[in-house]
Amino acid sequence: MKISTRGRYGLYFMLALARDYGEKKRSVKSVATEREISDLYLEQIVASLKKESLVKSTRGAYGGYELNHPPEDITVGQIFKTVEENIVAVESDEKDSKNERFLWGRIRDAISDVLDHTTLKDMVDYDGEGLDDYMFHI
């Protein structure tokens, strides 16, 4: 499974808002600058998050974006489903046997389970312990 830049940038933005939840609002520009990404591209992604009511905005001198729900109520799965075009763990092929399709289904379900049960709060609270490298090769 490969997460596109839309998914990554959407997650970056939501994590920035989660870290500041209840304290301050954030502008798209400030998050884009912090992460060294395009603010114009991030603005398009944020529009999708706003449309799905994951974030809300306030205009004015003290305006900006904030989470529309507490960080413990927003899952990574919700974010990815909002900003990603298509989330596919393994693409099935007509040549796949029922046994292979069974495995692909289990992989899909495992990934969905992780995404749907990992909240922004989980990510903000994570201290970096217990995970050396998230990349592996088969």
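First, a word on scope: everything that follows refers to the structure included in this document. (Residues numbered from 1 in each chain as written. Predicted model: local features only at pLDDT ≥ 70, side-chain atom pairs only at ≥ 80, totals over all residues. Heavy atoms only, no water.)

Along any regular strand the residues' side chains alternate between the sheet's two faces. Where strand β1 (residues 55–58) lies against strand β2 (residues 64–67), four bridges are found, and the strand directions are antiparallel. Pairing of T58 across the sheet is with G64, part of β2. The hairpin turn running from β1 into β2, its antiparallel successor, is five residues long, and G60 in that turn takes a positive phi close to 110°. (Pairing = 2+ DSSP bridges. Helix = DSSP H or I, 4+ residues; strand = E, 2+ residues; numbered from the N terminus.)

Below, the discussion takes up the packing of aromatic side chains. All told, the structure shown has three aromatic pairs when counted by the stated rule. Ring centres of F13 and Y65 lie 5.7 Å apart, and the angle between their planes is 80°; on these two criteria the pair is classed as edge-to-face. Taken together, the positions of F13 in helix α1 (residues 5–19) and Y65 in strand β2 put the pair 52 residues apart, joining distant regions of the chain. Through a chain of ring-to-ring contacts, three or more aromatic side chains come together here, namely Y9, Y12 and Y41. Over the face of the ring belonging to Y12 we find R35, whose NZ or CZ atom lies 3.6 Å from the ring centre. (Phe/Tyr/Trp six-rings, centres within 6.5 Å; stacked < 30°, edge-to-face > 60°. Lys NZ or Arg CZ within 6 Å of the ring centre and 35° of its normal.)

Further remarks concern a nonpolar patch on the surface. Taken together, V90, L103 and I107 make up a surface patch of nonpolar side chains, about 200 Å² in accessible area. Relative to the elements of secondary structure, V90 occurs in the loop between α4 (76–83) and α5 (98–117). (Patch = residues over 30% accessible without salt bridge, like charges linked within 9 Å, V, L, I, M, F, W, Y side chains within 5 Å. Areas by Shrake-Rupley, 256 points an atom, 1.4 Å probe, with all protein chains shown as cover. Salt bridge = Lys/Arg side-chain N within 4 Å of Asp/Glu carboxyl O.)

This next bit is on the packing of helix α2 (residues 28–35) against helix α3 (residues 39–51). Interaxial distance between α2 and α3 falls to 9 Å at its minimum, and their mutual angle equals 125°. By the angle class used here, α2 and α3 are oblique. The crossing of α2 and α3 is right-handed. Across the interface between the two elements, V28, K29, V31 and A32 from α2 touch D39, L42, E43 and V46 from α3. Counted by class, the contact of α2 with α3 contains five nonpolar, no polar and three charged residues. (Axes fitted to C-alpha atoms, helices over the stretch in contact; angles between N-to-C directions. Parallel < 35°, antiparallel > 145°, perpendicular 65-115°, else oblique. Left-handed = near helix turned anticlockwise from the far one by under 90°. Contact = heavy atoms within 4.5 Å. Nonpolar A, V, L, I, M, F, W, Y, C, P; charged D, E, K, R; others polar.)

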